[in-house]
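Here's the letter readout for the chains.
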Amino acid sequence: MPLFQLVLVALIQGITEFLPVSSSGHLILLPGLTGLKDQGQVIDVAVHVGTLAAVLIFFWRDVREGLAGLPRALTGRLDTPGSKIAMGLIIATIPTVLFGAMLHFTGLSHSLRSMAVIGWTMLGFGLVLYWADQKGAQIKQSSDWGIRDALIMGLWQMLALIPGTSRSGITITGARQLGYTREDGARIAMLMSIPTIIASGVLLGTEAALEANTALMRDAGIAAALAMLSALAALSLMMRLLRSVSFTPYVIYRVILGAVLLSIAYGS
């Protein structure tokens, strides 16, 4: 793969994975809008590994606490902050795994990868995010996250499997609708990405392993490293901005991009 395309794919994935603007939607659009060859599943897996590393590094304190509480959560003892985090992540991931398996094995996941679908989801779910962000109270913190809220946010996250929705965007929408502060809602949404990215990586990685060769693995390593660095930068910037800025700038971007994509999809 040309170095330019490799860098482009890694930066797009790294920057957009945790911003509420849909990384998968941008990656699907890249070949169609630029004429570049599709990057393939090996590179897709690599950039997801890179963004996974970024969120693990950025939220390491929460991750460590959740891992420490996992044994207690698995035995039903939700008496520590770590066990509550671990159980919440398990509960929140189940709807996405079930829905993702259904889309994958029925072949619907491929039929949804169209410019029209991405345009509608980019526009529609952007407006839903704006509504939830403007109307939602800011009374809950991440320490208030329990099984009920985890399940509700998991159902929101399930919709992210529709291209253009944005996993972070839709889970943040759910968090704001439940009354979490912008910063704590984003924190929970980022933690929810960890098991989801792992599940996605295992599914794609199993298929991608058959394509692997030395040159491709070298490209994958470069892509993973670049995706990790750009994701860390994007995460840091977004979490800082949320202390003083709403999600409106991301909504404006989504609405504009969605309108452009719909005009292209229905104008041809």
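Note that this is a predicted model, so its numbers are computed, not measured.

**Comments concerning the overall build of the protein chain**
Move 1: Counting its regular elements, the protein chain contains twelve helices and zero strands.
Move 2: Whereas a compact globule of 268 residues would reach a radius of gyration of roughly 18 Å, the protein chain reaches 18 Å, a difference of no more than 12%.
Move 3: Counting only residues that meet the buried cut, the protein chain has 48% of its 268 residues in that class.
Move 4: Long-range pairs, those at least 24 residues apart, make up 80% of the contacts in the protein chain with a sequence separation of at least 6.
Move 5: Averaging the positions of the 18 positive and the 14 negative side-chain charges in the protein chain gives two centres separated by 6 Å.

**Topic: unusual backbone geometry**
Move 1: The backbone phi angle of Ser 22 is positive, close to 75 degrees, even though this residue is not glycine.
Move 2: Positionally, Ser 22 belongs in the loop between α1 (3–16) and α2 (23–34).
Move 3: Of the residues examined, Ser 22 reaches a relative accessible area of 1% and is grouped as buried.
Move 4: Despite not being glycine, Ser 166 shows a phi value in the positive range, around 85 degrees.
Move 5: Note on placement: Ser 166 falls in the loop between α8 (147–158) and α9 (167–177).

**A short note on the packing of α1 against helix α11 (residues 214–241)**
Move 1: One can describe the packing of α1 onto α11 by two numbers: an axis separation of 7 Å at closest approach and a directional angle of 35 degrees. Note on packing geometry: the crossing formed by α1 with α11 is right-handed. In this structure, α1 uses Leu 6, Val 7, Ala 10, Leu 11, Gly 14 and Ile 15 to contact α11, whose residues at the interface are Asp 219, Ile 222, Ala 223, Leu 226, Ala 227, Ser 230, Ala 231 and Ala 234.
Move 2: Looking at the contact of α1 with α11 residue by residue, the class counts come to eleven nonpolar, two polar and one charged.

**Section: the confidence of the model for the protein chain**
Low pLDDT marks stretches whose predicted atomic positions should not be read closely.
Move 1: For the protein chain, per-residue confidence averages 88 on the pLDDT scale, and 95% of positions sit at 70 or higher.
Move 2: Here α2 stands out as the element of the protein chain with the lowest mean pLDDT, 75, in contrast to α8, whose mean of 96 is the highest.

**Details of the packing of aromatic side chains**
Move 1: Under the counting rule described, the total for this entry stands at two aromatic pairs.
Move 2: Note on Phe 58 and Phe 59: the rings are 4.9 Å apart at their centroids and 70 degrees apart in plane angle, and the pair reads as edge-to-face.
Move 3: A relative accessible area of 3% means that Phe 59 is categorised as buried.

Criteria and cut-off values
Residues numbered from 1 in each chain as written. Predicted model: local features only at pLDDT ≥ 70, side-chain atom pairs only at ≥ 80, totals over all residues. Heavy atoms only, no water. Helix = DSSP H or I, 4+ residues; strand = E, 2+ residues; numbered from the N terminus. Rg over C-alpha atoms; globule rule 2.2 N^0.38 Å. Buried < 20%, exposed > 50% of the residue type's maximum accessible area, 1.4 Å probe, protein only. Contact = heavy atoms within 4.5 Å. Lys, Arg positive; Asp, Glu negative; His and termini not counted. Charge placed at Lys NZ, Arg CZ, Asp CG, Glu CD. Axes fitted to C-alpha atoms, helices over the stretch in contact; angles between N-to-C directions. Left-handed = near helix turned anticlockwise from the far one by under 90°. Nonpolar A, V, L, I, M, F, W, Y, C, P; charged D, E, K, R; others polar. pLDDT = per-residue confidence, 0-100. Phe/Tyr/Trp six-rings, centres within 6.5 Å; stacked < 30°, edge-to-face > 60°.

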